[in-house]
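This is what each chain is made of:
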Amino acid sequence: MTAVASTERPAASGAAERVWRLFPALLSASAFLWFLTFLPVIGAGEVVRVAWPWVPGMGIELSFLIDGLALVFALLITGIGALVLLYTASYFATHPGLWRLLILLGLFELSMLGVVLADNLILMFVFWELTTVTSFLLVGFDHEKADARAKALQALLVTLAGGLALLAGILLLGILTGTFEASALSAHSELIQDSGFYVVIVVLVLLGCFTKSAQFPFHFWLPNAMAAPTPVSAYLHSATMVKAGVYLMARLNPSLGGTDLWFWTLVLFGGVTAVLASVWALRQTDLKLALAYTTVMALGALTMMIGIGHDYALAAASAFLVVHALYKAALFLTIGILDKKAGTREVDQLGGLGRKMWATWLVAALAGLSMAGLPPFFGFISKELLYEAVVTAPAVPILVVVFAFSASAMMVAVAAAVAVKPFVGAPTKAAEKAGEPPFGMWIGPAILAGLGLVLGVLPAFTGSFFVLPTALSIAGQPVEAKVALWHGINLPLILSILTIATGVVIYLKLSAIRGALAGAEARGIWDAERGYDWSLANLKRFAAWQTDAIQTGRVTDYIFWTTASLGALLWWAIVAGGFIGVPALQALPLIEWAILGLIAFASIAVAVTHSRLIAIVGLGVVGIAIAGIFVLYGAIDVAMTQLLVETLFVVIVVVALLKLPRLRTAFAHWQKGPRWGHATLSAVVGAGVTVALLAVLETDLDRRITTFFEQESAPSAFGRNVVNVILVDFRALDTFGELAVVVIAALGAYALLRLKAERPEPKGDAR
Amino acid sequence: MEPALAILIGVIVAASLYLMLSGNMVRFLFGLVLLSNAANLVIFVGGRLTYAAPPLVPEGLYAPVGVVANALPQALVLTAIVIGFGLLAFALVLVHRAYQVLGTVEGDDMRVAEPRADKG
């Protein structure tokens, strides 16, 4: 609490501050107006693209593109953003975290704009992950609640996992086609679809899209994200962020779409998601949760439409995209008002609010009618397009009609449950203290709901400026679709009438249906979230197992695996490089044979002896014999140093060993017999060193540096012993560093020796 | 001489690894000594060997006469010997100190940083 108190003072209620808190909404509204100026250009079927170099070496540009799809998204993001920011300023008027929320929402808005405007897929991915991060912070806004934190983490993990897959998919696309620009990819669609990587790319990209857009079986994070404050849910988790996956599928449809794989994957996952989500929506008693499930349904329907992919399907997707964002954000904000004014979102505790909150009811009714798809609302147009699309689907029309029809009918019932049920009937206890919200909270949803009506009665405008340009971007070519309220009496109209009738019946039987669904849920059906919990628990168990297996706490294990890895790497390099060759051994003078033999014998003696005297003598012999080699081959100074150090070393070791345990105790384990495994490993690595060194000796030596030292040491440095000149003149700093190392080692050793010897109490672990 | 030395280096490395693998810190130290020697020889041999011709500039001349031993690896080895000695002296004191405090020179019994799990 103290941390919060220090950073978030109760909102100052000064007049200036009250004006300032409207500023973010104003900014967003200006952006909305700016994007509106693009409408004529985009309506004419053109695109606007700007680009700056960013990482030119890797083909990554800061490139942005506005076409129909991007513009519709940008308008939704900035427009709904402005209204949500306005609503938030009123909804959280006295909350100490108001500014944190406003700033996070603003950051999210920028990230989301980046996702839809970026043409470069790498740039898009950066923004994509930024929306994930801001979503995490927003879902966990009530960070003092463990539940909110857990759900924020869940949303983060699910979408991040998908994001990783998406990145891999994008990289494959880029490597395959040589470009990361989404606008340039469609020209390569044949190359992509004929390559062996096509299936992998589709799976990876769709994993990213499905997790982000909450498709079955990854849908569970979205309802859980309702732990966020209501304005956040309205904005991120219905209108914008969760549509990022849909957006990307639409964006890549010209490059990846048009195949059987694309069709079946999107239609089946989208259809199943839509139907299951609408059933779950019926089950909910918390109105906000019910709306969350209808969002999942909408995302499923959009996915299915993109999968079907002919002109009417894409027009239907484009229309539904807009209409859903409008009515769903309005309804979410309305639920927020109910929650605030009546103190509950439970459908059973709400009733009879219509008299005291008629203005709110008006908004809810407008949005609800659009959601139910009644004429003359935009929702009706969108549903007509949807039905037109499914009845003309190129494959399995019956199946997609069933998907679309059952989902739509259940939507009617949920719309009624949200927009009718709380306002009619006998006033409940919650209704007694209810009243109209302040203007700032009402105006946002009112505009959104009103737009659903306005766009519906102006189908020609809506069609030519929003629906068709968007569908064009998704298709990659102009589409033919009639956007109108009246198509004559045809199959889609009959389906619409049937839908509404069925929806009303479901609404009337809602209590019974809910009871039955609750019973089924209690028996443990449909619990995809269990998969998440299972994965998370097993990931932790695996991490624990792996840590136990690798970090045994036994030094011998660590040394063993380090040595074994070294050997494996060494031999891999040798074999891969083809460095194995048999050297010609020249005849050597007897003295050299004697020295070599002596060193080998002494080394092995040190390794196998269990007498410390023999070991020390062996080490001394090795050191002095090596000094002999140095003498023979012209390294006088090295030999002198080696002799000096060797002498010192033997003296020090002899003194030190007097203080260490007696040999027989120290080497007690030796009596168990030789360690053949260790001996083999050592021999293999040793042989590797030999072979590698022989390979090095086969190459030509570059003597340029040596030649320079030889030529310069007398004229420039006035020294006749080239080695000495290198050490004290050319590379004097190295020598200085070497001295520093020795001094530090000496200081360290001195400190260790001077420390008072104290034996800690044995804790049972140090025996 | 070079191929023969390469084989000898392999033998020294094998002996030193065998010592280091034992887990006894005193033997580990012995292995470290052998390994430093082997490393020095690798550098020395890598610069190629020239028999009995130290890199000296005769009086009155400005460069060595004829083919002399490669001076560069010699300088490197010289540095390496001294550093190796510093490392060794410090490691020796460390082992001594560990024995004073923990009462053992067996690496596997030094479990202060990573105590045994309850089950183990």
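Remember, it's a predicted structure, so these values are computed and weren't measured experimentally.

Student: Before we go on, may I ask you to explain the overall build of chain B in this structure?
Tutor: Summing up its helical and strand segments, chain B has 3 helices and 0 strands in all. When its helices and strands are written in sequence order, chain B yields α-α-α. Its C-alpha atoms give chain B a radius of gyration of 21 Å, clearly above 14 Å, the size a compact globule of 120 residues would have. Once the C-alpha set of chain B is aligned to its principal axes, its extents read approximately 75 × 30 × 15 Å. Sorting the 120 residues of chain B into buried and exposed places 64% on the buried side. Look at the contacts in chain B between residues 6 or more apart in sequence, and 50% of them connect residues 24 or more apart. Accessible surface computed for chain B: about 4300 Å², of which carbon and sulfur atoms make up 69%. Positive and negative side-chain charges of chain B, numbering 6 and 7 respectively, have mean locations separated by a distance of 7 Å.

Student: Please clarify how helix 19 (residues 378-391) of chain A should be interpreted in this entry.
Tutor: Each α-helix turn comprises 3.6 residues. Residues three or four places apart therefore point the same way. Between its first and last C-alpha atoms helix 19 of chain A spans 20 Å; for 14 residues at 1.5 Å apiece the expected length is 20 Å, and the two agree. With 13 of 14 residues buried, helix 19 of chain A lies mostly within the body of the structure.

Student: Would you mind showing me how to read the pairing of strand 2 (residues 60-66) of chain A here?
Tutor: Looking along a regular strand, one sees side chains alternate from face to face of the sheet. Residue and element names in this part refer to chain A. Pairing geometry for strand 1 (residues 48-55) and strand 2, over 7 bridges, is antiparallel. Following the sheet pairing, Val-50 is matched in strand 2 by Phe-64. Between strand 1 and strand 2, which pair antiparallel in sequence order, lie 4 residues; one of them, Gly-59, sits at a positive phi of approximately 70 degrees.

Student: Sorry, what's going on with the interface of chain A and chain B here?
Tutor: Often, the extent of an interface is quoted as the loss of accessible area on bringing the components together. Taken residue by residue, the interface counts 107 residues in chain A and 93 residues in chain B. For the pairing of chain A and chain B, the buried interface totals around 9000 Å² over both sides, and the portion due to carbon and sulfur atoms is 71%. Joining chain A to chain B, the criterion identifies 2 salt bridges. We note a salt bridge from Arg-720 of chain A to Glu-59 of chain B, for which the minimum N-O separation is 3.8 Å. Joining chain A to chain B, the criterion identifies 18 residue pairs in polar contact (both at pLDDT 80 or more). Every element with two or more residues in the side of chain A that touches chain B is listed here: helix 27 (555-577), helix 28 (590-608), helix 29 (612-632), helix 30 (636-659), helix 32 (676-698), helix 33 (704-717), helix 34 (722-730) and helix 35 (732-754) of chain A. Of the residues that constitute the side of chain A that touches chain B, the class distribution is 68 nonpolar, 23 polar and 16 charged.

Student: Help me understand the packing of aromatic side chains, please; the structure alone is not making it clear to me.
Tutor: The description of an aromatic ring pair rests on the distance of the ring centres and on the angle between the ring planes. All chains considered together, the criterion is met by 24 aromatic pairs over all chains. Between Phe-210 of chain A and Phe-269 of chain A, the ring centres sit 5.2 Å apart and the planes meet at 45 degrees, which makes this aromatic pair tilted. Of this pair, Phe-210 of chain A sits in helix 11 (residues 198-212) while Phe-269 of chain A sits in helix 15 (residues 260-283), and the two are 59 residues apart along the sequence. Taking relative accessible area as the criterion, Phe-269 of chain A reaches 32% and is therefore assigned partly exposed. Pairing Trp-280 of chain A with Tyr-293 of chain A gives two aromatic rings, centres 5.8 Å apart and planes at 45 degrees, and the pair type is tilted. Of the two residues, Trp-280 of chain A is situated in helix 15 and Tyr-293 of chain A in helix 16 (residues 287-308); the sequence distance between them amounts to 13 residues. The structure contains a cluster of three or more aromatic residues connected by ring pairs, namely Tyr-87, Tyr-91, Phe-92 and Phe-141 of chain A. Cation over ring: Lys-340 of chain A sits above Tyr-91 of chain A, and NZ or CZ is 4.4 Å from the ring centre. Looking at Arg-675 of chain A, its charged tip hangs above the ring of Tyr-18 of chain B, at a distance of 4.3 Å from the centre.

Student: Would you take a moment to explain the pattern of salt bridges for this structure?
Tutor: When the charged atoms of two side chains with opposite charge come close together, those side chains can pair. Considering all chains together, one arrives at 15 salt bridges over all chains under this definition. With its nearest N and O atoms 3.3 Å apart, the salt bridge here joins Arg-554 of chain A to Asp-108 of chain B. In this pair, Arg-554 of chain A is assigned in the loop between helix 26 (529-550) and helix 27 and Asp-108 of chain B in the segment after helix 3 (71-102), connecting two distinct chains. The network of salt bridges with common partners includes Arg-49, Glu-61, Asp-119 and Glu-181 of chain A.

Student: What exactly am I supposed to notice about the packing of helix 33 of chain A against helix 34 of chain A here?
Tutor: The relative placement of two packed helices is expressed as an angle between their axes plus a distance between the axes. Residue and element names in this part refer to chain A. Viewed as axis vectors pointing N to C, helix 33 and helix 34 meet at an angle of 70 degrees, and their least axial separation amounts to 10 Å. With respect to each other, helix 33 and helix 34 are oriented roughly perpendicular. In this structure, helix 33 contributes Phe-708, Phe-709, Glu-710, Glu-712, Ser-713 and Ala-717 to the contact, and helix 34 contributes Val-722, Val-725, Ile-726, Asp-729 and Phe-730. Taken together, the residues that form the contact of helix 33 with helix 34 break down as 7 nonpolar, 1 polar and 3 charged.

Student: Quick question: what am I supposed to make of the side chain of Arg-48 of chain B here?
Tutor: Mapping Arg-48 of chain B onto the fold places it in the loop between helix 2 (25-46) and helix 3. Summary of buried charges: Arg-48 of chain B has no salt-bridge partner, and the nearest side chain of opposite charge, Glu-2 of chain B, is 5.5 Å away. Among the polar contacts made by the side chain of Arg-48 of chain B, one reaches the main-chain carbonyl oxygen of Thr-699 of chain A at a distance of 2.5 Å. Aside from chain neighbours lying at most four places away, what touches Arg-48 of chain B is Val-696, Leu-697, Thr-699, Asp-700 and Leu-701 of chain A together with Glu-2 of chain B.

Student: Is there a simple way to explain the confidence of the model for chain B in this structure?
Tutor: Detailed reading of the predicted coordinates is not advisable wherever pLDDT falls low. Here chain B shows a mean pLDDT of 87. Residues at 70 or above account for 97%. With pTM at 0.72, the complex prediction returns an ipTM value of 0.93.

Student: Is there a simple way to think about the nonpolar core in this case?
Tutor: Nonpolar side chains in soluble globular proteins tend to end up buried together. Membership of the largest hydrophobic core comes to 185 residues, with the highest contact counts inside it found for Trp-221, Met-305 and Ile-308 of chain A. The element best represented in this core is helix 17 (residues 311-342) of chain A, accounting for 22 residues. Among all residues touching Trp-221 of chain A, those that are not within four sequence positions of it are Gln-154, Ala-155, Val-158, Thr-159, Thr-211, Lys-212, Ala-214, His-237, Met-241 and Val-242 of chain A. Core analysis: the next-biggest nonpolar cluster, separate from the first, contains 77 residues, Leu-697 and Ile-726 of chain A together with Ile-12 and Ala-71 of chain B among them.

Criteria and thresholds
Residues numbered from 1 in each chain as written. Chains lettered and ligands numbered in written order. Predicted model: local features only at pLDDT ≥ 70, side-chain atom pairs only at ≥ 80, totals over all residues. Heavy atoms only, no water. Helix = DSSP H or I, 4+ residues; strand = E, 2+ residues; numbered from the N terminus. Rg over C-alpha atoms; globule rule 2.2 N^0.38 Å. Buried < 20%, exposed > 50% of the residue type's maximum accessible area, 1.4 Å probe, protein only. Contact = heavy atoms within 4.5 Å. Areas by Shrake-Rupley, 256 points an atom, 1.4 Å probe, with all protein chains shown as cover. Lys, Arg positive; Asp, Glu negative; His and termini not counted. Charge placed at Lys NZ, Arg CZ, Asp CG, Glu CD. Expected span 1.5 Å × (residues − 1). Pairing = 2+ DSSP bridges. Buried area = accessible area lost by both parts, 1.4 Å probe. Salt bridge = Lys/Arg side-chain N within 4 Å of Asp/Glu carboxyl O. Polar contact = N/O pair within 3.5 Å; in protein donor to acceptor, adjacent residues only side chain to side chain. Nonpolar A, V, L, I, M, F, W, Y, C, P; charged D, E, K, R; others polar. Phe/Tyr/Trp six-rings, centres within 6.5 Å; stacked < 30°, edge-to-face > 60°. Lys NZ or Arg CZ within 6 Å of the ring centre and 35° of its normal. Axes fitted to C-alpha atoms, helices over the stretch in contact; angles between N-to-C directions. Parallel < 35°, antiparallel > 145°, perpendicular 65-115°, else oblique. pLDDT = per-residue confidence, 0-100. Core = buried A, V, L, I, M, F, W, Y, C linked by side-chain atoms within 4.5 Å.

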